[in-house]
Amino acid sequence: MRRSDREITDFSEIIRVMEQCDVCRLAMHDEYPYILPLNFGMEVEGRQITLYFHSAKAGKKFELLVRDDRVGFEMDRGHQLALDESNGNCTMGYESVMGRGRLEVVEGEEKQKGLELLMAHYRQKDFPYNKAVVPQTAVLRLTVEEITGKARRVSK
């Protein structure tokens, strides 16, 4: 990382940033990068992070997943513009996390767990969702292999 002064090295701080994000962007391999903004759920066991996503069972991401399960991801939060009018400068405050891993479709109990983690992430634990839509819903699991965090915090 070029700006090591902005690197988030504490694992628990990286997790805190992720917990406060509401969108995870997946980058998949195609002729050009294919980027998807997705809702997500998260599980942390020790230092292993697993992300879950829900989706329709068909479409471009499934075509790409069949060809290559390696993905990148990014999420960010806390955007805050900081102006230095006297010097004609501005900057942006933020916190971000990015990494990569392998994506796969899950079924059965893990599919149910993924849906529950998704709902819990958006503060709706034990949300009584319509179970009839579960068979038409795909759940994807991203096993995170590498992760980094970065922040620029500006005073208000």
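Structure's up top.
Predicted model only: the values in this text are computed from it and were never measured. All residue numbers here refer to positions counted from 1 along the written sequence of the relevant chain. Reporting of local features is limited, given that this is a predicted model, to residues whose pLDDT is at least 70; pairs of side-chain atoms are given and counted only at 80 or more, and all residues count toward the totals for whole chains, interfaces and linings. By convention in this description, side-chain values take in all heavy atoms of the structure and omit both hydrogens and water.

(A) Structural context of the overall build of the protein chain. Every helix listed is a DSSP run of H or I at least four residues long, and every strand listed is a run of E at least two residues long, numbered separately from the N terminus. When its secondary structure is counted, the protein chain shows 3 helices and 8 strands. Along its sequence from the N terminus, the protein chain presents helices and strands in the succession β-α-β-β-β-β-α-β-β-α-β. The C-alpha extent of the protein chain, read off along each of the three principal axes, is 60 × 40 × 30 Å. A total of 156 residues make up the protein chain; the buried ones form 38% of that total. Whether two residues are in contact is decided by their heavy atoms: any pair within 4.5 Å suffices. Taking the intrachain contacts of the protein chain between residues at least 6 apart in sequence as the baseline, contacts between residues at least 24 apart amount to 73%. Here the protein chain has roughly 9600 Å² of accessible surface; of this, 49% comes from carbon and sulfur atoms. Counted charges follow a simple rule, with Lys and Arg positive, Asp and Glu negative, and His plus the chain ends left uncounted. Charge coordinates come from a single atom per side chain, which is NZ of Lys, CZ of Arg, CG of Asp or CD of Glu. Here the protein chain contributes 24 positive and 26 negative side-chain charges, whose respective centroids are spaced 2 Å apart. Relative accessibility thresholds used throughout: buried, under 20% of the residue-type maximum; exposed, over 50%; partly exposed, between the two (1.4 Å probe, protein chains only). Here, Shrake-Rupley sampling with a 1.4 Å probe gives the accessible areas, and only protein chains in the shown set may cover a residue.

(B) Representation of the nonpolar core in the model. Joining through side-chain atoms within 4.5 Å is the link that ties buried Ala, Val, Leu, Ile, Met, Phe, Trp, Tyr and Cys residues into a set, and such a set is a nonpolar core. Ranked by internal contacts, the top residues of the largest apolar core, which has 30 residues, are M18, L51, F53 and F73. For this core, the elements supplying multiple residues, two or more each, are α1 (11-20), β2 (24-28), β3 (34-38), β5 (48-55), α2 (60-67), β6 (70-84), β7 (89-106) and β8 (138-152). Leaving out residues up to four positions away in the same chain, M18 has contacts with F40, M42, I49, L51, F73, M75, V97, H121 and I147. Core analysis: the next-biggest nonpolar cluster, separate from the first, contains 8 residues, V106, L118, Y129 and V134 among them.

(C) Structural detail: the pattern of salt bridges. Take a side-chain nitrogen of Lys or Arg and a carboxyl oxygen of Asp or Glu: if they are within 4 Å of each other, that pair is a salt bridge. Throughout the structure, instances matching the rule amount to 16 salt bridges. Of the charged contacts, one joins E13 and R16 as a salt bridge, the two residues approaching to 2.7 Å between their closest N and O atoms. In this pair, E13 and R16 are both assigned in helix α1, 3 residues apart and thus about one turn of the helix distant. Take E13: its relative accessible area is 22%, and that puts it in the partly exposed class. Put simply, D30 and R67 hold a salt bridge, and the shortest N to O gap is 3.1 Å. Placement of the pair is D30 in the loop between β2 and β3 and R67 in helix α2, with a sequence separation of 37 residues. When its relative accessible area of 29% is taken as the criterion, D30 is described as partly exposed. By relative accessible area, which is 57% here, R67 ends up exposed. Residues participating in the shared-partner salt-bridge network are E13, R16, R77, E95 and R153.

(D) Examining the pairing of β8 more closely. One requirement defines pairing of two strands: DSSP has to find at least two bridges between them. Relative to β8, strand β1 (residues 7-8) runs antiparallel, the two being bridged by 2 bridges. Bridge pairing links E7 to K150 in β8. With 6 bridges joining them, β5 and β8 adopt antiparallel strand pairing. Paired with H54 across the strands is V139, a residue of β8.

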